[in-house]
Amino acid sequence: MQNGSRGAGPAPPVVAVINPNSSASVTASIARSLERFGGPRFVCHTIAESPATIVTDRHVAEAGARVTELAGRLDAPAAVIIACFSDPGLAATRARLSCPVIGVQHAAVLTALGLAERFGIVALSPAPMERHRRMLAGLGVLDRLAEEVPLSGVSAHDAGHRADLYPELLAAGRRIVAAGGGAVVLGCAGFGPRRAVLEADLGVPVIDPVLAAVPV
């Protein structure tokens, strides 16, 4: 055996992480956040044909079809994470693949329910809030939502990278805590770089939806 392969164990399972938007910077942030996990090997994908931020129901439908098509071309992943808070293509991708397919919205909400009696969501804008409420109602947990607070309308990239937006994010988190939320769910995969500092400032668990979706 050559090239250092003597005695090597089996390759770690590949978990495919699909960013349904076209922001390469958001995908890079997701990849950095996953470096802390020493188990599965994560391979992150960006869908260049999508908009930079998934906002409307049309965006979700179109991105969902692209997610399912991309997932179907992957080489036997151990699992697939759909890294967008609207979980585009979740049902169709689950129907197409035999491996676990995890939507970050579902994962984040279920994590919040395990940490607090009531929780809140910070959204990028008012636009997706009705879609989020439909999902919560479908799960039967809408009554445990303390409040969803929208930001003024920011991109997935800016949510985690523009320092001048942090006061708005902090104010949204404080509003959720004041409404009785014992945990705060970040309603976009792009928020990840802000999770730790926001949690320290709020004093309650703050959930990065991508980290919540990591299979254990």
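These figures come from a predicted structure and were not determined experimentally.

Chemist: Explanation requested: the sheet that holds strand β6 (residues 145-150) in the structure shown.
Modeler: Adjacent strands of a sheet pair through backbone hydrogen bonds, lying either parallel or antiparallel. Taken in spatial order, the four strands of this open sheet run β6-β5-β7-β8, and their pairing is parallel. On the outer flanks of this sheet lie β6 and β8 (206-207), each paired with one strand and no other. Bridge count for strand β5 (residues 119-123) against strand β7 (residues 184-186) is three bridges, and the pairing is parallel. Bridging across to β7, V122 finds its partner in L186.

Chemist: Any chance you could explain the nonpolar core here in plain terms?
Modeler: Generally speaking, nonpolar side chains in soluble globular proteins are found buried as a group. Counting residues in hydrophobic clusters, the biggest one holds 38 residues, and the most contacted among them are I30, L34, I81, V122, F191 and L198. For this core, the element with the most residues is helix α7 (residues 166-178), which contributes five residues. By size, the runner-up hydrophobic cluster in this structure holds 15 residues, among which are A112, F119, I121 and L136.

Chemist: Looking at this structure, I do not really get the side chain of N19. What am I missing?
Modeler: Relative to the helices and strands, N19 resides in strand β1 (residues 14-19). Within the structure, the side chain of N19 is placed 2.9 Å from the side chain of N21, a separation counted as a polar contact. In contact with N19, other than residues within four places in its own chain, are V26, T27, I30, H45, T46, I47 and A83.

What counts and what doesn't
Residue numbering note: each chain is counted from 1, following its sequence as written. Residue-level local features of this predicted model are given only where pLDDT is at least 70; pairs of side-chain atoms are given and counted only at 80 or more, and the full residue set underlies all totals for whole chains, interfaces and linings. With hydrogens and water set aside, each side-chain value is computed from the structure's full complement of heavy atoms. By definition, two strands form a pair when at least two bridges between them are found by DSSP. Put simply, DSSP marks the helices as runs of H or I at least four residues long and the strands as runs of E at least two long, and each gets a number from the N terminus on. Only buried residues count toward a nonpolar core, which is a set of Ala, Val, Leu, Ile, Met, Phe, Trp, Tyr and Cys residues joined through side-chain atoms within 4.5 Å. Throughout this description, buried means an accessible area under 20% of the type-specific maximum (1.4 Å probe, protein chains only), exposed means over 50%, and partly exposed covers the range between. For the purposes of these results, a polar contact is taken to be a pair of N or O atoms within 3.5 Å, where, inside protein, one atom must be able to donate a hydrogen and its partner to accept one; residues adjacent in sequence count only when each atom of the pair is a side-chain atom. Contact between two residues is taken to exist if any of their heavy atoms lie within 4.5 Å; hydrogens are not considered.

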